[in-house]
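Per-entry structural report
What follows is each chain in one-letter form.
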Amino acid sequence: PGGSVAELCAQGALHPRCAEIFNISLYRHQAEAVSLANAGRSYVVTTGTGSGKSLCFFVPMVSAILAEKERDPTPRTRAIVIYPMNALANSQRKELEKYLGGDDTQRAVTFERYTGQESAEERQRVAANPPDILLTNFMMLELLMTRQDPLDRKVIGACAGLRFLVLDELHT
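Residues numbered from 1 in each chain as written. Predicted model: local features only at pLDDT ≥ 70, side-chain atom pairs only at ≥ 80, totals over all residues. Heavy atoms only, no water.

1. A look at the pairing of strand β3 (residues 79–83)
Quick reminder of the rule: Residue burial is assigned from relative accessible area. The probe radius is 1.4 Å, only protein chains are included, and a residue is buried under 20% of its type maximum, exposed over 50%, and partly exposed in between. Secondary structure elements follow DSSP: runs of H or I of four or more residues count as helices, runs of E of two or more count as strands, with numbering from the N terminus. One bridge is not enough; two strands pair if DSSP finds at least two bridges between them.
Of all five residues that make up β3, five are buried, and the element is covered over most of its length. Alternating residues of β3 divide into Ala79, Val81 and Tyr83 and Ile80 and Ile82, and every residue in both groups is buried. Where β3 lies against strand β5 (residues 133–137), five bridges are found, and the strand directions are parallel. Note that in β5 the partner of isoleucine 80 across the bridge is leucine 134.

2. Topic: helix α5 (residues 86–100)
Worth spelling out the cut-off: In this scheme, a helix's expected span is set at 1.5 Å multiplied by one less than its residue total. By construction, the arc corresponds to the directions joining the helix axis to the C-beta atoms.
Taking 1.5 Å per residue, 15 residues should reach 21 Å; α5 reaches 20 Å between its end C-alpha atoms and fits that length. Every buried residue of α5 is listed here: Leu88, Ala89, Gln92, Leu96, Tyr99 and Leu100. Projected onto a plane normal to the axis of α5, the buried residues spread over an arc of 95° and lie on a single side. Looking at α5, the residues exposed on the side facing more than 90 degrees away from the buried face are Ala87, Lys94 and Lys98.

Okay, structure coming up:
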């Protein structure tokens, strides 16, 4: 056990709103990840399938984004999460909806998928309204960084000052 999110909020380790967003108890590896993220350290989490690796980055990420948006509410992408496959990006999108809500107009922290499976209208919406968290795959991130398409340049341009870059699922 690593304590509850509410306990970490009470200790000042997480933004107070995280207690309502993540009404859960953490495992020790998750609490340690929060501590490392708060210290601005990079970290790698290696643990079994279904053991909550995603919460190791989503909890501190949401906390930091909430705090940053209080200081500077300018819409911009503050975190990119890179997945090896669209299926994982899609499942993590549903996981974020579980915590942050399904109605994107009501979310305290916004997120969007940008993997190449979106319609032209969806891509335009992401470019016009940068999400706090961008869920993508390695191929699309490469295209965003190298293509000269105006839409892609706008999406990647909204990432100036990026706080988190997460590689979910590294394989050796």
